[in-house]
Amino acid sequence: MIKQNLIQLYQESFRANAERAALTDYPTKETFTYLETAAIIKKLHLIFKEAGIMPGDKVALTGKNTARWVIAELSVMTYGAVIVPILQDFHAEDINNIINHSESKLLFVDAAHFQGIDTDILDNLSVILSLEQFDCIFERTGSGNTGRHVSAFTKNINKIFAESYPDGYHTEDIIFADVPNDKMMWLSYTSGTTGNSKGVMISGNSLASNILYATRIAKMWVPGGNELSYLPLAHAYGGVFDVLAPLTIGSHIYLFGKLPAASVMIKALNEVHPYSFLSVPLLIEKICKAKVFPMLEKEPIKTFIKIPVLNKIIYKVINNKIKGVFGGDGLWEMNMGGAAVDPCVEELLMKMKFRQHLISTGEISQIPKS
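Residue positions are given per chain, counted from 1 along the sequence in the order it is written. In keeping with the predicted nature of the model, local features appear solely for residues at pLDDT of at least 70, side-chain atom pairs appear and are counted solely at 80 or more, and the whole-chain, interface and lining totals rest on all residues. Working from all heavy atoms in the structure, the side-chain values ignore hydrogens and water.

1. Points about the packing of aromatic side chains
Rule in force here: Stacked, tilted and edge-to-face are the three classes assigned to paired rings of Phe, Tyr and Trp, where Trp is represented by its six-membered ring and a pair needs centres within 6.5 Å; plane angles under 30 degrees give stacked, over 60 edge-to-face, the rest tilted. Helix and strand labels come from DSSP, where a helix needs a run of H or I of at least four residues and a strand needs a run of E of at least two; each type is numbered from the N terminus. Each residue is assigned to one of three classes by its accessible area relative to the maximum for its type, calculated with a 1.4 Å probe on protein chains only: buried under 20%, partly exposed between the two thresholds, exposed over 50%. Our definition puts a charge over a ring when NZ of Lys or CZ of Arg is within 6 Å of the ring centre and also within 35 degrees of the ring normal.
Inspection of the entire model under this criterion finds twelve aromatic pairs. The interplanar angle of 5° and the centroid separation of 5.8 Å between the aromatic rings of Tyr275 and Trp332 together place this pair among those described as stacked. Pair noted here: Tyr275 is in the loop between helix H10 (262-272) and strand S12 (276-279) and Trp332 is in the loop between helix H14 (308-325) and strand S13 (333-336), with a separation of 57 residues, a long-range link. For the pair Phe277 and Phe326, a centre-to-centre distance of 6.4 Å together with 40° between the ring planes defines the contact as tilted. Here Phe277 is found in strand S12, whereas its partner Phe326 is found in the loop between H14 and S13, with 49 residues between them in sequence. Overall, the relative accessible area of 0% leaves Phe277 in the buried class. Members of the aromatic cluster, connected to one another through ring pairs, are Phe48, Tyr79, Phe108 and Phe134. Between Lys29 and the ring centre of Tyr26, over which it is positioned, the NZ or CZ distance is 3.9 Å.

Below, the structure is given as structure tokens:
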């Protein structure tokens, strides 16, 4: 069992980095500090209590990758409930099946996906909250829900919150639930090869082991360092290493709604200047084939690169050029995972000695206590 408690890592980080920027939606530039994020999380905890959500209950989440997506996820985990992240690309039928199969009692969903939610077949689901404003857009009435008025509660949440903290919400008010690491915190549904998606139960200990490895051994992030996230947050690769891990360090995460065009990503990389960058090979391959390979076919580079002494100089020049494409010298590390890398691209990156670290992302695994 990992000694450091996962939820405690977030409480410590949010306190230590209270005034730092935590999350930014890249398209709109809307930004939340760690303290502002913690305040919204507390408001959601109050809403969960009003909705009758108990520790251990399942809460589903689907929609575009946004700052509020991350806030919703963290609010569930730090409350002691189990988050059920669902890929935004899943068909409506699959999303409904996962909500049903997981026995989720509450759902966060954006406007684009809400229209596909069939509440008539989701017997366990009692409340749906909008990802855009965190207001209640569905509340089941009747037996078992009598006396609960979540819709009215969410409309007055700012007033209720202010009454709870008459002197304002401060760093010392950031207190998350005491959730043991052996409890399940993530229920991740993967697209199976046969039948419906399968749920993978992930404990706090498993998440903590990966996060501690990435932050304290691999040292993939630094406090205040920028990160640029576009990977699916419902996947372990993107969800853990693009968001959950850097937030325990105090990084500033910029989020794309989903995978952008290569040209848009290049522009963003040069605006954000990330400290580390996680990607799937496909995007890196597109950038290399568009920006680097054409250079290698031009004379005299095509000839010089075959000469043992000169080729080192050529690769150094190319290395500097591609570093500029990915945001400059501030990029400490680039991670690729989730699929095989094109051998031609991998060979080029190795010859250039480009800053890279290929990681396996098939499963969330455990690391020894050390």
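Once the structure has been displayed, the description carries forward.
2. As for the nonpolar core
Definition in use: We define a nonpolar core as any set of buried Ala, Val, Leu, Ile, Met, Phe, Trp, Tyr and Cys residues linked to one another through side-chain atoms lying within 4.5 Å. Contacts are assigned to residue pairs that have any heavy atoms within 4.5 Å of one another.
Of all hydrophobic cores here, the largest spans 110 residues; its most connected members are Phe108, Leu247, Phe277, Phe326 and Leu349. Of the residues forming this core, the biggest block, ten residues, is contributed by helix H2 (residues 34-50). Setting aside chain neighbours within four positions, we find Phe326 in contact with Leu269, Pro274, Phe277, Ile284, Ile287, Leu331, Met334 and Phe354. Listed in part, the 19 residues of the second largest apolar core include Ile86, Leu87, Ile98 and Leu122.

3. Focus: the environment of Phe326
The class for Phe326 is buried, based on a relative accessible area of 1%. Distance in space between the C-alpha atoms of Phe326 and Met54 is 44 Å, their sequence separation being 272 residues.

4. Looking at the pattern of salt bridges
For the record, the criterion: The term salt bridge refers to a pairing of a side-chain nitrogen on Lys or Arg with a carboxyl oxygen on Asp or Glu at a separation within 4 Å.
Taken as a whole and assessed by the stated rule, the structure comprises six salt bridges. Across the pair Lys267 and Glu271 runs a salt bridge, and its minimum N-O distance is 2.6 Å. Linking Lys267 with Glu271, this pair stays in helix H10, spanning four residues, or about one helical turn. The partly exposed category is assigned to Glu271, whose relative accessible area is 40%. The closest approach of N and O atoms between Lys302 and Glu297, which form a salt bridge, is 3.7 Å. The exposure class assigned to Lys302 is partly exposed, which follows from its relative accessible area of 33%. What makes Glu297 exposed here is its relative accessible area of 53%.

5. Focus on the pairing of strand S5 (residues 106-109)
Heads up, the rule is: Should DSSP find at least two bridges between two strands, the strands are regarded as paired.
Residues Leu106 and Phe108 of S5 are buried on one face, and the alternating residues Leu107 and Val109, pointing to the opposite face, are buried as well. Bridge count between strand S3 (residues 58-62) and S5: four bridges; the pairing is parallel. Within the sheet, the bridge partner assigned to Val59 lies in S5 and is Leu106. Alignment of S5 against strand S6 (residues 127-130), held across four bridges, turns out to be parallel. Counterpart to Leu106 in the pairing with S6 is Val127.

6. Quick notes on the state of the cysteines
The criterion, for reference: Cysteine sulfur pairs qualify as disulfides if the two atoms are within 2.5 Å.
What the rule picks out here adds up to zero disulfides. Cys288 takes part in no disulfide bond, and the closest cysteine sulfur to it belongs to Cys344, at a distance of 11 Å. In this structure Cys288 comes out as buried when scored by relative accessible area, which is 0%. Judged by relative accessible area, Cys344 falls into the partly exposed class, the value being 48%.

7. Remarks on the side chain of Asn210
To keep it simple, the criterion reads: Polar contact is defined as a pair of N or O atoms within 3.5 Å, subject to the rule that within protein one atom must be able to donate a hydrogen and the other to accept it, and that residues adjacent in sequence are counted only when both atoms are side-chain atoms.
As for its placement among the helices and strands, Asn210 is situated in helix H8 (residues 204-217). One polar contact links the side chain of Asn210 to the main-chain carbonyl oxygen of Ser206, over a distance of 2.9 Å.

8. Considering a nonpolar patch on the surface
Going by this rule: Any residue with relative accessible area above 30% and no salt bridge may belong to a patch, with like charges joined within 9 Å and the nonpolar Val, Leu, Ile, Met, Phe, Trp and Tyr side chains within 5 Å. Surface accessibility in these figures is a Shrake-Rupley result with a 1.4 Å probe; residues are shielded only by whichever protein chains are displayed.
Nonpolar side chains collect at one region of the surface, where Phe304, Ile307, Leu310, Ile313 and Val317 lie side by side and expose about 400 Å² of accessible area between them. In terms of residue count, H14 provides more of the nonpolar patch than any other element does, three residues in total. Here Leu310 shows up in helix H14. You can call Leu310 partly exposed: its relative accessible area is 32%.

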